[in-house]
Amino acid sequence: MKLSRRKFLAASGGAFAAAVAAANLTSLKAVAESGHGDAQTGEKGEKHIASSCEMCVNKCGFYAHVVNGRIKKLNPNPRFFKSRAMLCARGNAGAEEPYNPERLKTPLVRDGERGSNKWRKISYEEAFQIVAQKLAEAKTKYENRSSVAFFSSEGLQEGSFQMLAQTYGSLNTVRHPSLCLSSTIQGWSSVYGVYPDADLANAMFVVMPGANRAEALVTPDSMDFLRYRPKGQQLVVLDPRFTNTAAKADKWYPVKPATDMAFMLAMINVIINEELYNKDFVANMTEGFDELKAHVQQYTPEWAEKECEIPADEIKWCAREFAKYAPRSVIYPGRRTSWYVDDVAFRRACAIIPALCGCWDVPGGIVPKSGVPLKNPDIMYPFYDMVEERLDVESFGEFDNNLPDDARKEAGLPTDSVAYLGEKDGSWIRFREAVLRGEPYPVKMMMVYKQNFVEAAPNRAKTLKMMEMMDFICMIDIQMSDTAFYADLVIPESTYLERWDVVHSLAGIWPIATFRQACIEPVYQTKSMFEITGGIVDEMLKIPELWDDTDEEELEYFKEDFVEAILHAPIQDYIKYQVSGFENGYEKLLKDGVIYKTDQGVYGQSAKPGYRFKTRSGKIELTNVKYPDKGLDALPVYRRARQPKDGQFRFILGRHGWNTHTGTQNNEFLWEIQKENTLWINSKEALKLGIKNGDRVVVKSSVGEQTVKAEVTEKIRPDCVFYAHGFGRVSKGMSLVYQKGASQAAILEDYIEPISGNAAMHETFVTVSKA
Amino acid sequence: MATKKFGIVLDAKKCLNCKACTVACKFENTIHPGEDDYRIWVTELELKGTYPNISQEYQPSQCQHCENTPCASVCPTKATYKSPEGVVLIDYDKCILCKACMTACPYDARYENVHLHAIDKCTFCYQRQPEGREPACVETCPTRVRVFGDLNDPESEASKLLARNHTYQLKPERNTRPRLHYIK
Ligand code: SF4
Ligand code: SF4
Ligand code: SF4
Ligand code: SF4
């Protein structure tokens, strides 16, 4: 008998408990019948399927509670120790994704002007044919496969999209890091050869410059800094904005934007001059101490106080405490560091401090990431004649980087190139600029996998202009993102709850590997990116012009070893191969959702005898050895940034814990938490401008303006304003947030940090006035 | 075996105001999106101070599962009742939507569930009890603000926390004797 929820709870008093004890579990669970949406499935019964979350980058493990073929709820997987077995608001709201009334259900081809929201439904087969045909046309017309750009967003299916890019042979793959973290990767790698983690579960002294771990959730850091916080741990947060992280800190320094480097350099000054550093560690493990010592003499705490507005005594206190608790002290590396044009130099300064104090590869310190060993097939793609070098690289020397007019422009930064451009990632800003100029060669077609650059990249007007120049744009996504909205062909991917994804090792101090299995059948017969790539490649193989610039024999091997053996095989075979080094690896994955070697933190890998750091000298480089070859400073040099003039504010970015970038705002369960963003403005400044809480205000930069409600607050410096990412959307297919609140992309100016190629998104000044 | 007494000990200082608990509750208990439909909430307490000397705290809460239960005393049909573990539950069939309980509850813990045509509120996820699973809001929290357990069992984590820490309850002047204990 199936108990209704009403009947179940109707049993009263003592009888209720007896009923509970007696009833079998299946019927008990059935009381909580899934309710939202109304898609029907033929399936009966209940199950709990292990898989992993795709609502952000962390891929937290869960068990999907499936009732009659519908997702009822996602529950945290207790074995997923990397997330400390939690699921955040987004992770919970993910249960709605397959049933979101506005999700993409069928391929759509444009049936009107771009952006007119007129679409015609077509089949997947037709969509694949169109893509193959357009790829062939681009190749024939431009005789350069790199004339098609492949933009993608991070995820377990990104590899499937890269397979398509490599099959076609374009070198223009543009991934997300240069709108996000490429500068912190470059900065920390320039010291340690790797981009490491900070062990917040064991550190006693934590300096967090800007990272907002209470709201921009990163596993396990966001959990550890409160949940496993060691007794007596001190947290110091530098941020112009009083974030939830600042609210949890022992000290909040509302640092003057673009001056954080002064704080770090002065810390180095104190640590060296007061001889607080770890002499053995410095002597044995590092390179370039003497140069560093001489260099930082100019950067006294008193000097720094004038730059960053943090009192000299506080800087000294931080330096001394840091050294006192070393090696259990960290400067937090952070992720989305697309802040300033000299961000790499700033990150270098951060990275040097733990190196001086020997806080390296030990509990509580800065620790290199470890991974879970997986096997991945080596795929040989054909070599083609008609391929030119990456556009952003070819553009070096052709035009100047967009840098603000201040001391930083004068030295230390490449003016017309990117020093360390990621070979697969590219530099988003430099890439768009080169496309707009059409030089040195035209890029005329875009394949986009889930990267919503219309809202993610600064200067939306330029992005839309770039899209206008395209012969053809194909978008693959689960929803009508702003980028999809301006595309010519939109191909839906299945949501993460409906597909199988390959295994991925989540590197860190607690490495764990996870994958995805379908928790439910696709609600609308959609396909995974793996299947989409398979379908497109099959159609491509039917067009001879696509293969006339490669070796025939090579092509045959490619068909056999890749198309037949991988694309035409079930993705499960791929997964089985990946975990074939583990006993019963595949079965374990299906059951547990995870695979790992140990659930303990991994430390000391670099302490092994003969270990060479991946730097030129093989040591930790306080003074970088290879940078001078490219005309870059070997040591972090502070050059004063321009600051907003009277009447101007610096616009700073950020987000809250219930949304991810631009991907989650149209989910009703998250939308009801925040329906639009608001402009944070310091109460004294608001008073001067006659702005009251809730007033509509116009925020204006040199590239655009937005109207938004003011939130008059004490929680921000007087010289800055802020609103959260992901609102003021242009896609009518995201109706909950269409034109609700304000867009960041619309007002951000497009400066570049030219050592890593990252965007510099905290360099925009705006005015604010009553609407 | 002594009877169980379920309760929750909260360390609100750990709360990120991330809303994982509120969203988890919605799915676990089939609560549709909507302004007034919730069993659990996170209050942003008033910001203290002026820039740059400010502090901000959050107060996550839900039905207190009061030992002195004003919502039950006023209920004319006895739709509100207590489980043997002291969990305050509602018999939806008996509820006549008079809303006396909503008025009587000092914590604003109740809402009208228009789909069930009854007044509804937190049940400590009672449906999870047979399997011994934690309530959804407890389980999903990134920082483990809540610890759920049997307050009659001195060995339970909740009892130990209660014994080890100074705690307070919300609105003690109402003499409801809540089963939610906040760590000071
Ligand atoms: S942090 Fe949240 S959104 Fe990100 S993977 Fe984990 S549960 Fe999902
Ligand atoms: S899940 Fe935990 S941290 Fe997040 S709002 Fe709820 S109580 Fe606070
Ligand atoms: S909090 Fe309100 S609803 Fe809950 S038991 Fe107490 S009086 Fe009743
Ligand atoms: S215990 Fe269950 S019903 Fe109560 S607030 Fe938490 S999740 Fe909701």
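Residues numbered from 1 in each chain as written. Chains lettered and ligands numbered in written order. Predicted model: local features only at pLDDT ≥ 70, side-chain atom pairs only at ≥ 80, totals over all residues. Heavy atoms only, no water.

### Observations concerning the domain arrangement of chain A
All names here are of chain A.
Okay, so step 1: Under the domain assignment, chain A is made up of domain 1 (5-99), domain 2 (108-175 + 373-385 + 442-496 + 521-585), domain 3 (182-370 + 603-630) and domain 4 (649-770).
Okay, so step 2: Contacts between the two partners involve nine residues from domain 1, matched on the other side by nine residues from domain 3.
Okay, so step 3: Approximately 780 Å² of surface area, both sides summed, lies buried where domain 1 meets domain 3, with 53% of it carried by carbon and sulfur atoms.
Okay, so step 4: The largest share of the area that domain 1 buries against domain 3 comes from Asn58, Lys82 and Arg84, three residues that together contribute 63% of it.
Okay, so step 5: At the junction of domain 1 and domain 3, the tally comes to one salt bridge.
Okay, so step 6: At the junction of domain 1 with domain 3, the criterion picks out five residue pairs in polar contact (both at pLDDT 80 or more).
Okay, so step 7: The residue inventory of the side of domain 1 that touches domain 3, partitioned by class, reads four nonpolar, two polar and three charged. (Domains from an automatic or database assignment. Contact = heavy atoms within 4.5 Å. Buried area = accessible area lost by both parts, 1.4 Å probe. Salt bridge = Lys/Arg side-chain N within 4 Å of Asp/Glu carboxyl O. Polar contact = N/O pair within 3.5 Å; in protein donor to acceptor, adjacent residues only side chain to side chain. Nonpolar A, V, L, I, M, F, W, Y, C, P; charged D, E, K, R; others polar.)

### Considering the packing of helix H6 (residues 158-168) of chain A against helix H22 (residues 529-541) of chain A
Two packed helices can be described by the angle between their axes and the distance between those axes.
Residues and elements named next belong to chain A.
Okay, so step 1: Two numbers describe how H6 lies on H22: the axes approach to 8 Å, and their chain directions differ by 20 degrees. By the angle between their directions, the pair H6 and H22 is classed as roughly parallel. When the axes of H6 and H22 are compared, the crossing they make is left-handed. Across the interface between the two elements, Ser160, Phe161, Met163, Leu164, Thr167 and Tyr168 from H6 touch Met529, Phe530, Thr533, Ile536, Val537 and Met540 from H22.
Okay, so step 2: Tallied by class, residues from the contact of H6 with H22 come to nine nonpolar, three polar and no charged. (Axes fitted to C-alpha atoms, helices over the stretch in contact; angles between N-to-C directions. Helix = DSSP H or I, 4+ residues; strand = E, 2+ residues; numbered from the N terminus. Parallel < 35°, antiparallel > 145°, perpendicular 65-115°, else oblique. Left-handed = near helix turned anticlockwise from the far one by under 90°.)

### Some remarks on the interface of chain A and chain B
Okay, so step 1: Counting from both sides, the interface comprises 59 residues of chain A and, opposite them, 55 residues of chain B.
Okay, so step 2: Joining chain A to chain B, the criterion identifies two salt bridges.
Okay, so step 3: The salt bridge partner of B:Lys26 is A:Glu672, with a shortest N-O separation of 2.8 Å.
Okay, so step 4: If you look at where chain A meets chain B, you find 15 residue pairs in polar contact (both at pLDDT 80 or more).
Okay, so step 5: Secondary-structure elements contributing two or more residues to the side of chain A that touches chain B are helix H1 (5-10), helix H2 (13-22), helix H3 (25-30), strand S3 (70-76), helix H4 (89-93), helix H8 (221-227), helix H9 (244-248) and helix H26 (668-671) of chain A.
Okay, so step 6: Here the residues of the side of chain A that touches chain B are counted per class, giving 33 nonpolar, ten polar and 16 charged.

### Here we look at a negative patch on the surface
Okay, so step 1: Together, A:Glu388, A:Glu389, A:Glu394, A:Glu398, A:Glu423 and A:Glu439 make up a negatively charged patch on the protein surface.
Okay, so step 2: Here A:Glu388 shows up in the loop between strand S14 (366-367) and helix H16 (391-394). (Patch = residues over 30% accessible without salt bridge, like charges linked within 9 Å, V, L, I, M, F, W, Y side chains within 5 Å. Areas by Shrake-Rupley, 256 points an atom, 1.4 Å probe, with all protein chains shown as cover. Lys, Arg positive; Asp, Glu negative; His and termini not counted. Charge placed at Lys NZ, Arg CZ, Asp CG, Glu CD.)

### Points about the sheet that holds strand S22 (residues 649-652) of chain A
Residues and elements named next belong to chain A.
Okay, so step 1: With mixed pairing, six strands are arranged side by side around a closed barrel as S22-S26-S23-S25-S24-S29. Pairs of neighbouring strands in the sheet enclose a mean axial angle of 45 degrees, with direction left out of account.
Okay, so step 2: Here S22 runs beside strand S26 (residues 720-722); their pairing, made up of three bridges, is parallel. By the bridge assignment, arginine 650 is partnered in S26 with cysteine 720. (Pairing = 2+ DSSP bridges.)

### Topic: the nonpolar core
Residue and element names in this part refer to chain A.
Okay, so step 1: Ile71, Phe263 and Leu356 are the most contacted members of the largest nonpolar core, which totals 121 residues.
Okay, so step 2: Take this core: its biggest share by element is eleven residues, from helix H10 (residues 260-273).
Okay, so step 3: With 55 residues, the next largest nonpolar core counts Tyr441, Met470, Met475 and Val768 among its residues. (Core = buried A, V, L, I, M, F, W, Y, C linked by side-chain atoms within 4.5 Å. Buried < 20%, exposed > 50% of the residue type's maximum accessible area, 1.4 Å probe, protein only.)

### Observations regarding the packing of H10(A) against helix H14 (residues 312-325) of chain A
Residue and element names in this part refer to chain A.
Okay, so step 1: The contact between H10 and H14 brings their axes to 9 Å, and the two run at 60 degrees. In terms of their interaxial angle, H10 and H14 are classed as oblique. For the element pair H10 and H14, the recorded crossing hand is right-handed. Contact with H10, carried on its side by Phe263, Ala266, Met267, Val270 and Ile271, involves Ile315, Lys316, Cys318, Ala319 and Phe322 of H14 and no other residues of that element.
Okay, so step 2: Among the residues forming the contact of H10 with H14, the class breakdown is nine nonpolar, no polar and one charged.

### Description of the site of ligand 2
Okay, so step 1: Of all residues adjacent to ligand 2, which total 14 residues, the nearest are B:Cys15, B:Leu16, B:Cys18, B:Cys21 and B:Cys141.
Okay, so step 2: Looking at side-chain class alone, the shell around ligand 2 contains ten nonpolar, two polar and two charged residues. (Near = heavy atom within 4 Å.)

### Looking at the packing of aromatic side chains
All names here are of chain A.
Okay, so step 1: Counted according to the given criterion, the structure contains 39 aromatic pairs over all chains.
Okay, so step 2: Between phenylalanine 205 and tryptophan 317, the ring centres sit 5.6 Å apart and the planes meet at 70 degrees, which makes this aromatic pair edge-to-face. With phenylalanine 205 in strand S9 (residues 205-209) and tryptophan 317 in helix H14, this residue pair connects regions lying 112 residues apart in the sequence.
Okay, so step 3: A residue is classified by how much of its surface remains accessible, and phenylalanine 205, at 0% relative accessible area, is buried.
Okay, so step 4: Taking relative accessible area as the criterion, tryptophan 317 reaches 23% and is therefore assigned partly exposed.
Okay, so step 5: Each ring, one from tyrosine 381 and one from phenylalanine 558, has its centre 6.1 Å from the other, and the planes form 50 degrees; the classification is tilted. Of the two residues, tyrosine 381 is situated in the loop between S14 and H16 and phenylalanine 558 in helix H23 (residues 552-567); the sequence distance between them amounts to 177 residues. When sorted by exposure, tyrosine 381 lands in the same class as phenylalanine 558, which is buried.
Okay, so step 6: Among the aromatic residues, ring-to-ring pairing joins Trp188, Tyr192, Trp360, Tyr611 and Phe613 into one connected group.
Okay, so step 7: The ring of tryptophan 339 carries arginine 347 above its face, with NZ or CZ at 4.3 Å from the centroid. (Phe/Tyr/Trp six-rings, centres within 6.5 Å; stacked < 30°, edge-to-face > 60°. Lys NZ or Arg CZ within 6 Å of the ring centre and 35° of its normal.)

### Observations concerning helix H20 (residues 460-468) of chain A
All names here are of chain A.
Okay, so step 1: Residues Arg460, Thr463, Met466 and Met467 constitute the buried set of H20. Taken around the axis of H20, the buried residues stretch over an arc of 115 degrees, which confines them to a single face. Turned more than 90 degrees off the buried face of H20, the exposed positions are Lys465 and Glu468. (Arc of directions from axis to C-beta.)

### Observations regarding the side chain of A:Lys73
Okay, so step 1: Here A:Lys73 is to be found in strand S3.
Okay, so step 2: Lacking a salt bridge, the buried A:Lys73 has B:Glu139 as its closest oppositely charged neighbour, with an N-O distance of 4.6 Å.
Okay, so step 3: For A:Lys73, the side chain forms a polar contact with the side chain of A:Asn75, separated by 2.9 Å.
Okay, so step 4: Those residues within four positions of A:Lys73 in sequence are excluded, and the remaining contacts are A:Tyr63, A:Ala64, A:His65, A:Asn92, B:Ala24, B:Phe27, B:Glu28, B:Arg128 and B:Ala136.

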